[in-house]
Amino acid sequence: GSGLWARCQDCKMPKVIYYDRLQENQIFVAGDGAAEDPVVSQIYTVDCKPGEALGDSGCRTSVGGRAWHRALQTAMRSHGREPRQVVRDELFKFGAGPVVKSECSWLYPVGFKKKERLIQIAEVPGLCPGLISSNDMGELAIGFQFDKKVMTVGGKESPMCYTHSGHPKLDLLDYGDDDPAGVWETQRS
């Protein structure tokens, strides 16, 4: 089965994982102790494949969890691209959860709609999909039109694509024919 994350309802400990063959988006959560069987509740999880990220208009700095970063780095290397680590301390707060400290970021040569750009994405411990900030989406000239289910990039419309969990996704590995080393030189100047 697949692993899903939650907060223990009894002790409030974050990031409790439960593996089972339940239906997608369901996990067991601790009940009040009155029933012998655990209660099944709907918990919606975000499912990103390597190279996928979510556009997050509420996010001021792009961020992703450690596992998401490692998967992206492996996928990028298969495309001949090498990310660079940047030492940088930042604090993040996700919804009502605790403050999480990032001790590094990664500078990635992403491929988006056949154009290669550098994006810095902070790394946080734990399970977090790649979240691309409103600033970085602005740099990439990305816009979402949810009523028409289209994404605009540089004024050109294309159908919005979704992750398995139903979130609009951005493909960061859509490279053109450019030289992999070229993006480092172009954006340095």
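Analysis parameters
- Residues numbered from 1 in each chain as written.
- Predicted model: local features only at pLDDT ≥ 70, side-chain atom pairs only at ≥ 80, totals over all residues.
- Heavy atoms only, no water.
- Helix = DSSP H or I, 4+ residues; strand = E, 2+ residues; numbered from the N terminus.
- Expected span 1.5 Å × (residues − 1).
- Buried < 20%, exposed > 50% of the residue type's maximum accessible area, 1.4 Å probe, protein only.
- Arc of directions from axis to C-beta.
- Salt bridge = Lys/Arg side-chain N within 4 Å of Asp/Glu carboxyl O.
- Phe/Tyr/Trp six-rings, centres within 6.5 Å; stacked < 30°, edge-to-face > 60°.
- Lys NZ or Arg CZ within 6 Å of the ring centre and 35° of its normal.
- Core = buried A, V, L, I, M, F, W, Y, C linked by side-chain atoms within 4.5 Å.
- Contact = heavy atoms within 4.5 Å.
- Pairing = 2+ DSSP bridges.
- Axes fitted to C-alpha atoms, helices over the stretch in contact; angles between N-to-C directions.
- pLDDT = per-residue confidence, 0-100.

**Overview of helix H1 (residues 66-78)**
Here is step 1 of the chain: The terminal C-alpha atoms of H1, which comprises 13 residues, lie 19 Å apart, in line with the 18 Å expected from a rise of 1.5 Å per residue.
Here is step 2 of the chain: Trp68, His69, Leu72, Gln73, Ala75 and Met76 are the residues of H1 that are buried. Seen along its axis, H1 keeps its buried residues to an arc of 165°; they face one direction. With respect to the buried face of H1, the exposed residues turned more than 90 degrees away are Thr74 and Ser78.
Here is step 3 of the chain: Gly80 occupies a position one or two residues after H1 and carries a positive phi of about 80°.

**Observations concerning the pattern of salt bridges**
Oppositely charged side chains can form a pair if their charged atoms are brought close together.
Here is step 1 of the chain: Summed over the entire model, instances satisfying the criterion amount to 10 salt bridges.
Here is step 2 of the chain: Arg88 is the salt-bridge partner of Glu90, the closest N and O atoms lying 3.1 Å from each other.
Here is step 3 of the chain: Looking at Arg88, the relative accessible area reads 33%, which means it is partly exposed.
Here is step 4 of the chain: Of the charged contacts, one joins Glu139 and Arg117 as a salt bridge, the two residues approaching to 3.5 Å between their closest N and O atoms. Here Glu139, found in helix H2 (residues 134-139), pairs with Arg117, found in strand E9 (residues 115-124); they are 22 residues apart in sequence, far enough to count as distant.
Here is step 5 of the chain: If you follow the salt bridges from partner to partner, you end up with Arg66, Arg70 and Glu123 in one network.

**A few points about the environment of Lys156**
Here is step 1 of the chain: When you line up the elements, Lys156 lands in strand E13 (residues 156-159).
Here is step 2 of the chain: Linking Lys156 and Gly143, residues 13 residues apart in sequence, is a C-alpha distance of 9.8 Å.

**Comments concerning the packing of aromatic side chains**
Here is step 1 of the chain: Summed over all chains, the structure comprises two aromatic pairs.
Here is step 2 of the chain: For the cation-ring pair, Arg81 lies above Tyr175, with the distance from its terminal atom to the ring centre recorded as 3.9 Å.

**With respect to the nonpolar core**
Here is step 1 of the chain: Ile142, Leu170 and Leu172 are the most contacted members of the largest nonpolar core, which totals 32 residues.
Here is step 2 of the chain: Examining the composition of this core, we find that six residues originate from one element, strand E8 (residues 99-112), more than from any other.
Here is step 3 of the chain: Setting aside its immediate chain neighbours within four residues, Leu172 contacts Gly51, Ala53, Trp68, Leu72, Met76, Val110, Gly111 and Ile132.

**What about the sheet that holds strand E11 (residues 142-145)?**
Here is step 1 of the chain: Across the sheet, which stays open at both edges, the three strands sit in the order E11-E12-E13 with antiparallel pairing between neighbours. At either end of the open sheet lies a strand with only one pairing partner, and these are E11 and E13. Averaged over all neighbouring strand pairs, the angle between strand axes comes to 30°, with direction disregarded.
Here is step 2 of the chain: When E11 meets strand E12 (residues 150-153), the two strands line up antiparallel, connected through four bridges. Each bridged residue has a counterpart across the sheet, and for Gly143 the counterpart in E12 is Thr152.

**Things to note about the confidence of the model for the protein chain**
Here is step 1 of the chain: The predicted model of the protein chain averages 77 in pLDDT, with 71% of residues at 70 or higher.
Here is step 2 of the chain: Mean pLDDT in the protein chain bottoms out at strand E2 (residues 16-20), which sits at 42, and peaks at H1, which reaches 94.
Here is step 3 of the chain: Here residues 1-5 is modelled with pLDDT under 50, and outside its nearest four sequence neighbours on either side it reaches 21 contacts, counting other chains as well.
Here is step 4 of the chain: Considering only residues more than four positions removed or in separate chains, one finds that residues 15-43, a stretch of pLDDT under 50, has 53 contacts.

**With respect to unusual backbone geometry**
Here is step 1 of the chain: For Lys113, which is not a glycine, the phi torsion comes out positive at approximately 50°.
Here is step 2 of the chain: Looking at the secondary structure, you find Lys113 in the loop between E8 and E9.
Here is step 3 of the chain: Its identity as a non-glycine residue notwithstanding, Ala141 has a phi of 55°, on the positive side.
Here is step 4 of the chain: Along the chain, Ala141 turns up in the loop between H2 and E11.
Here is step 5 of the chain: You can call Ala141 partly exposed: its relative accessible area is 38%.

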